[in-house]
Amino acid sequence: MAFKGVLFDFSGTLFRIESTASWLRGTLAGSGLALPDDEVARLVVALDRAGALPGGSPRLGAVGVPEHLVELWGRRDESAELHRAAYTGLARTVALPDPALVDALYERHRTPEAWRPYADAREVLRGLRTLGVRVGVVSNIGWDLRPVFDAHGLAPYVDAYVLSYEHAVQKPDARLFALACDGLGVAPRDTLMVGDDRGADGGAAVLGCAVHFVDHLPVDRRPDALRAVLGLVGGAGAR
């Protein structure tokens, strides 16, 4: 079938966060701190293992969620406060040289320069606009990602944003996808959801949306996975 609307996830689908090394180095530079290379390398590994970088992996780091953060982690995308508390809580499990780095790291990941669009994102979003297909972004997140789209020149191709923290509802709850379909003015049966997380993004299927998945990979390892969306919109089917 041909679709009238397409919903996209944000992190791992249209955009990818910088590497943990780049995240830490950028934060250190912005804080005016200089550390030996071996100390930076140690901290990168520790932050990675802790899962402290939002969007850095489709799963939490190797050590899992500490017991005192488990309940908070499960609700982290329901508000800006919960999101910040969850990720700064993970960062605090790492022995950082300055406690102020915890908040500095969190602020860094919210900046447009910390994110890169996938190579084919602009082509696909522009193609959908040319076809007259409405586009929405549905994200489990704790901050306003609109400036990221604006800074990278993709905002003109998005008709609606539905962000979990603005509605206190997280994917896979069907209510979030329903809000997005309403925002586009498109019925769920005429909508395709594109995401990288089968558990979260797959919730759109409950509402009646078709769902298509891409792999959560670094930008340089996924040059053209989004292009399939243009074929799906033309009626090639979805998985």
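Please refer to the structure higher up on the page.
I will try to describe carefully the structure that is included in this document. No experiment lies behind these values; they were computed from the predicted model shown. Along each chain, the written sequence defines residue order, and numbers are assigned to residues from 1. This being a predicted model, a pLDDT of at least 70 is required before a residue's local features are given, and a value of 80 or more before pairs of side-chain atoms are given or counted; all residues contribute to the totals for chains, interfaces and linings. With hydrogens and water stripped out, all remaining heavy atoms of the structure feed into the side-chain values.

**Let's talk about the nonpolar core**
Residues grouped as a nonpolar core are buried Ala, Val, Leu, Ile, Met, Phe, Trp, Tyr and Cys residues, joined through side-chain atoms within 4.5 Å. Buried means the residue's accessible area, taken with a 1.4 Å probe over protein chains only, is under 20% of the maximum for its type, while exposed means over 50%, and partly exposed covers the values in between. F8, F10 and F149 are the most contacted members of the largest nonpolar core, which has 58 residues in total. In this text, helices come from DSSP runs of H or I with a minimum length of four residues, and strands from runs of E with a minimum of two, each type numbered from the N-terminal end. Per element, the largest residue contribution to this core is five residues, and it comes from helix α2 (residues 37–50). Here a residue-residue contact requires only that any non-hydrogen atoms of the pair lie within 4.5 Å. Excluding residues within four positions of it along the chain, F149 makes contact with F10, L14, F15, V137, L154, A155, V158 and Y161. Ranked by size, the runner-up nonpolar core spans 16 residues in total, among them V186, A204, C209 and F213.

**A short note on the packing of aromatic side chains**
Stacked, edge-to-face and tilted are the three classes for Phe, Tyr and Trp ring pairs, Trp counted by its six-membered ring, which pair at centre distances within 6.5 Å; planes under 30 degrees apart are stacked, over 60 edge-to-face, the rest tilted. Applying the stated criterion to the full structure yields eight aromatic pairs. When the ring of F15 is compared with that of F149, the centres are 4.9 Å apart and the planes differ by 65°; the resulting orientation is edge-to-face. Of the two residues, F15 is situated in strand β2 (residues 15–17) and F149 in helix α7 (residues 146–151); the sequence distance between them amounts to 134 residues. F15 sits in the buried class, given a relative accessible area of 0%. Taken together, a centroid distance of 5.3 Å and an interplanar angle of 70° make the contact between W73 and Y87 edge-to-face. Note that W73 is positioned in helix α3 (residues 70–74) and Y87 in helix α4 (residues 80–91), a separation of 14 residues in sequence. With a relative accessible area of 10%, Y87 lands in the buried category.

**Quick notes on the packing of helix α1 (residues 20–31) against α2**
Only the stretch in contact is used when a helix axis is fitted, and all axes are lines through C-alpha atoms; the angle between N-to-C directions ranges over 0 to 180 degrees. Interhelical geometry of α1 versus α2 gives an angle of 125° and a closest axis separation of 9 Å. In terms of orientation, α1 lies oblique with respect to α2. Like other packed secondary-structure pairs, α1 and α2 cross with a definite hand, here right-handed. Every residue of α2 that contacts α1 at T20, A21, W23, L24, R25 and L28 is listed here: D37, V40, L43, V44, L47 and D48. Tallied by class, residues from the contact of α1 with α2 come to eight nonpolar, one polar and three charged. Oblique is the label for any angle not under 35 degrees, not over 145, and not in the 65 to 115 range, which are roughly parallel, roughly antiparallel and roughly perpendicular in turn. If you view the pair so one helix is near and one far, a crossing is left-handed when the near helix is turned anticlockwise from the far one by less than a right angle, and right-handed when it is turned clockwise. In this count, Pro and Cys sit with the nonpolar residues alongside Ala, Val, Leu, Ile, Met, Phe, Trp and Tyr, while Asp, Glu, Lys and Arg are called charged and the others, Gly among them, polar.

**Regarding the side chain of E18**
Looking at where E18 falls in the secondary structure, it is placed in the loop between β2 and α1. Residue E18 is classed as buried on the basis of its relative accessible area of 11%. A polar side-chain atom of E18 sits 2.5 Å from a polar atom in the side chain of S22. Setting aside its immediate chain neighbours within four residues, E18 contacts W23, L53, R108 and A114. In protein, a polar contact means a hydrogen-donor-capable atom and an acceptor-capable atom, both N or O and within 3.5 Å, with residues adjacent in sequence counting only if both atoms are side-chain atoms; elsewhere, any N or O pair within 3.5 Å suffices.

**Side note on α4**
Since there are 3.6 residues in each turn of an α-helix, residues three or four apart along the chain are aligned in direction. Relative to the 16 Å expected for 12 residues at 1.5 Å per residue, α4 spans 17 Å between its end C-alpha atoms, a close match to the ideal helical length. Three or more residues of α4 are buried, namely L82, H83, A86, Y87, T88, G89, L90 and A91. An expected span of 1.5 Å times one less than the residue number is assigned to each helix.

**Quick look at the pairing of strand β1 (residues 5–8)**
Residues G5 and L7 line one face of β1 and the alternating positions V6 and F8 line the opposite face, and both faces are buried. A pair of strands is treated as paired once DSSP finds two or more bridges between them. Pairing of β1 with strand β4 (residues 134–139), which is carried by four bridges, proceeds in the parallel orientation. Bridged to L7 within β4 is G136. Across four bridges, the pairing between β1 and strand β6 (residues 191–195) is parallel. In the strand pairing of β6, G5 is matched with T191.

Purely spatial values, then, with no claim about function.
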